[in-house]
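Listed below are the residues making up each chain.
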Amino acid sequence: RDLARNEVKIVVAAASGRGPALAAAAVDDAVRLAARAGAVLRRLARSGDDVAASAGAAARSAASGLDDLAKFRGELGLAQGEGTLARLDVGGHSFYGINAHGQPVSLRVNAITRTHAEADAFQQAANAGLIGGRGTLYVDRALCLACGQNGGVRAMMRQLGLVELEVITPQGTQVIRP
């Protein structure tokens, strides 16, 4: 829904008489947003399959989770180093997040973490009503200070009632407990 609003804003800007160059750029932006929205929708449709495969989820290695994010990055057309992606596995479900997501975050978290991929994934889990248990968070880059050392991820895991969260990044694995 938010992607659709952004596309409308782009079309309105193009139609407001700001010139053909800006209109062409707006069309290019709209096409890029539509492609990314399609990739996100395909990924969300596939994430429902995770429930049926929850027994296999326990056997997934750290490398496969990070490989999954690399594949998702390609589906979104994001260059390596452009933005951050996260996947939160909890309660037999996988939730995918992207930084600068623009989605409302009702979880209590610091202002920096609020816009990050980790918050996007945790908020989706909260919206799905998942509470308690253990989780695994895959992030395709190291946690920033706000999410890691300053406690953004720990605050969100507490709000979901998780007793343990394994965080896997390309730099290694750490376990966070409330």
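Read on for a plain summary of the structure. (Residues numbered from 1 in each chain as written. Predicted model: local features only at pLDDT ≥ 70, side-chain atom pairs only at ≥ 80, totals over all residues. Heavy atoms only, no water.)

### Some details on the overall build of the protein chain
Link 1 in the chain: Helix and strand counts for the protein chain come out as seven helices and five strands.
Link 2 in the chain: Put simply, the protein chain runs from its N terminus to its C terminus through helices and strands in the order α-α-α-α-α-β-β-α-β-α-β-β.
Link 3 in the chain: Across the 178 residues that make up the protein chain, the buried fraction comes to 38%.
Link 4 in the chain: Long-range pairs, those at least 24 residues apart, make up 63% of the contacts in the protein chain with a sequence separation of at least 6. (Helix = DSSP H or I, 4+ residues; strand = E, 2+ residues; numbered from the N terminus. Buried < 20%, exposed > 50% of the residue type's maximum accessible area, 1.4 Å probe, protein only. Contact = heavy atoms within 4.5 Å.)

### Quick notes on the pairing of strand 4 (residues 162-169)
Link 1 in the chain: When you tally the buried positions in strand 4, you get six out of eight residues, the bulk of the element.
Link 2 in the chain: Note: strand 3 (residues 133-139) against strand 4, six bridges, orientation parallel. Bridge assignment links Gly133 to a residue of strand 4, and that residue is Leu162.
Link 3 in the chain: In this fold, the crossover linking strand 3 to strand 4 by way of helix 7 (residues 152-159) has right-handed handedness.
Link 4 in the chain: Pairing of strand 4 with strand 5 (residues 172-176), which is carried by five bridges, proceeds in the antiparallel orientation. Looking across to strand 5, one finds that Leu165 is bridged to Ile176.
Link 5 in the chain: Between the end of strand 4 and the start of strand 5, which pair antiparallel, lie two residues. (Pairing = 2+ DSSP bridges. Right-handed = clockwise from strand over helix to strand, strands pointing away.)

### Section: the pattern of salt bridges
Link 1 in the chain: Throughout the structure, instances matching the rule amount to five salt bridges.
Link 2 in the chain: Measuring nitrogen to oxygen at the nearest pair gives 2.7 Å for the salt bridge that ties Arg87 to Asp68. Here Asp68 lies in helix 5 (residues 62-76) and Arg87 lies in strand 1 (residues 85-90), a separation of 19 residues in the sequence. No difference in accessibility class separates Arg87 from Asp68, as the two residues are buried.
Link 3 in the chain: The residue Arg177 makes a salt bridge to Glu164 at a minimum N-O spacing of 2.9 Å. (Salt bridge = Lys/Arg side-chain N within 4 Å of Asp/Glu carboxyl O.)

### Examining the pairing of strand 3
Link 1 in the chain: In terms of burial, strand 3 is a largely internal element, five of the seven residues being buried.
Link 2 in the chain: Sheet analysis places strand 1 next to strand 3, joined by five bridges and oriented antiparallel. Its bridge partner lying in strand 3, Arg87 is registered against Tyr138.

### As for the nonpolar core
The tendency in soluble globular proteins is for nonpolar side chains to be buried as a group.
Link 1 in the chain: Membership of the largest hydrophobic core comes to 25 residues, with the highest contact counts inside it found for Leu88, Phe122, Leu137, Val153 and Leu165.
Link 2 in the chain: Looking at this core, the elements that each hand over two or more residues are strand 1, helix 6 (117-127), strand 3, helix 7 and strand 4.
Link 3 in the chain: Among the elements that make up this core, the one with the highest residue count is helix 6 (five residues).
Link 4 in the chain: In contact with Phe122, not counting residues within four places along its chain, are Leu88, Leu107, Leu137, Val153, Met156, Met157, Leu160, Leu162 and Leu165.
Link 5 in the chain: Core analysis: the second largest hydrophobic core is formed by nine residues, Leu69, Leu76, Leu78 and Tyr138 among them. (Core = buried A, V, L, I, M, F, W, Y, C linked by side-chain atoms within 4.5 Å.)

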